[in-house]
Amino acid sequence: GGLGGLLGGMAGAAGAGGLLGGLGGAMQKRPAQNDQSFGAVLNSQFDQTPEPAIEPSQDQEAAAALMLAAMIQAVKSDGTFDDAEKEKLLGQLGDVDAEEAAFVQAQMQAPIDIDNLVANTPEGLSQQVYAMSVMAIDLDTGDEAQYLHKLATAYGMQPAQVNAIHDQMGVPSHYT
């Protein structure tokens, strides 16, 4: 689990569609809870081993949806959401069903709302959500840098924490 497990799982991602399988009304079919960490569930969705993926709990499913929303908001933060960015994002999802595609479409059309994102982030997942935001962008505009700063500030993250995440991800530090 933790940030390292989350990032490690995403680095080899074949697609996040399996973890998002319970979005919307289907989420009630998920177990209320399980004994696995979110990182373990996420990694099981992406690994190439023959073991079946761990069935995510409702809370884990909601966390995955939140991280996807964070990625989409980050991509939109520079004021453009072109076809190449949409393709990059959708390419990470793999196969999704109609309900999942509708969720993604709704997120793509929704306005950026850092306050709502932060308010819906479960305790202990702020660094992971921030990392997913960093992963989604190239961090090549001032608007993207400002978005990440606002997100980090809203989560109460210190510059050293932010820079540590950037270091782990192999991207330039955000603060000097």
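Residues numbered from 1 in each chain as written. Predicted model: local features only at pLDDT ≥ 70, side-chain atom pairs only at ≥ 80, totals over all residues. Heavy atoms only, no water.

Novice: Help me understand the overall build of the protein chain in this model?
Specialist: In terms of regular secondary structure, the protein chain is built from nine helices and zero strands. When the helices and strands of the protein chain are placed in sequence order, the string is α-α-α-α-α-α-α-α-α. Across the 176 residues of the protein chain, 44% fall into the buried class. Of the contacts made within the protein chain by residues no fewer than 6 positions apart, 74% connect residues no fewer than 24 positions apart. Surface accessibility of the protein chain: about 8,600 Å² in total, with carbon and sulfur atoms responsible for 51%. (Helix = DSSP H or I, 4+ residues; strand = E, 2+ residues; numbered from the N terminus. Buried < 20%, exposed > 50% of the residue type's maximum accessible area, 1.4 Å probe, protein only. Contact = heavy atoms within 4.5 Å. Areas by Shrake-Rupley, 256 points an atom, 1.4 Å probe, with all protein chains shown as cover.)

Novice: Even after reading the chapter, I still don't get the confidence of the model for the protein chain, so can you show me in this structure?
Specialist: Parts of the prediction with low pLDDT should not have their coordinates interpreted in detail. Overall, the prediction assigns the protein chain a mean pLDDT of 75, with 65% of residues at 70 or greater. At the level of individual helices and strands, the protein chain shows its lowest average pLDDT in helix α1 (residues 2-11), which scores 37, and its highest in helix α8 (residues 142-154), which scores 96. Below pLDDT 50 for its whole length, residues 1-30 participates in 85 contacts with residues either more than four positions away or in separate chains. (pLDDT = per-residue confidence, 0-100.)

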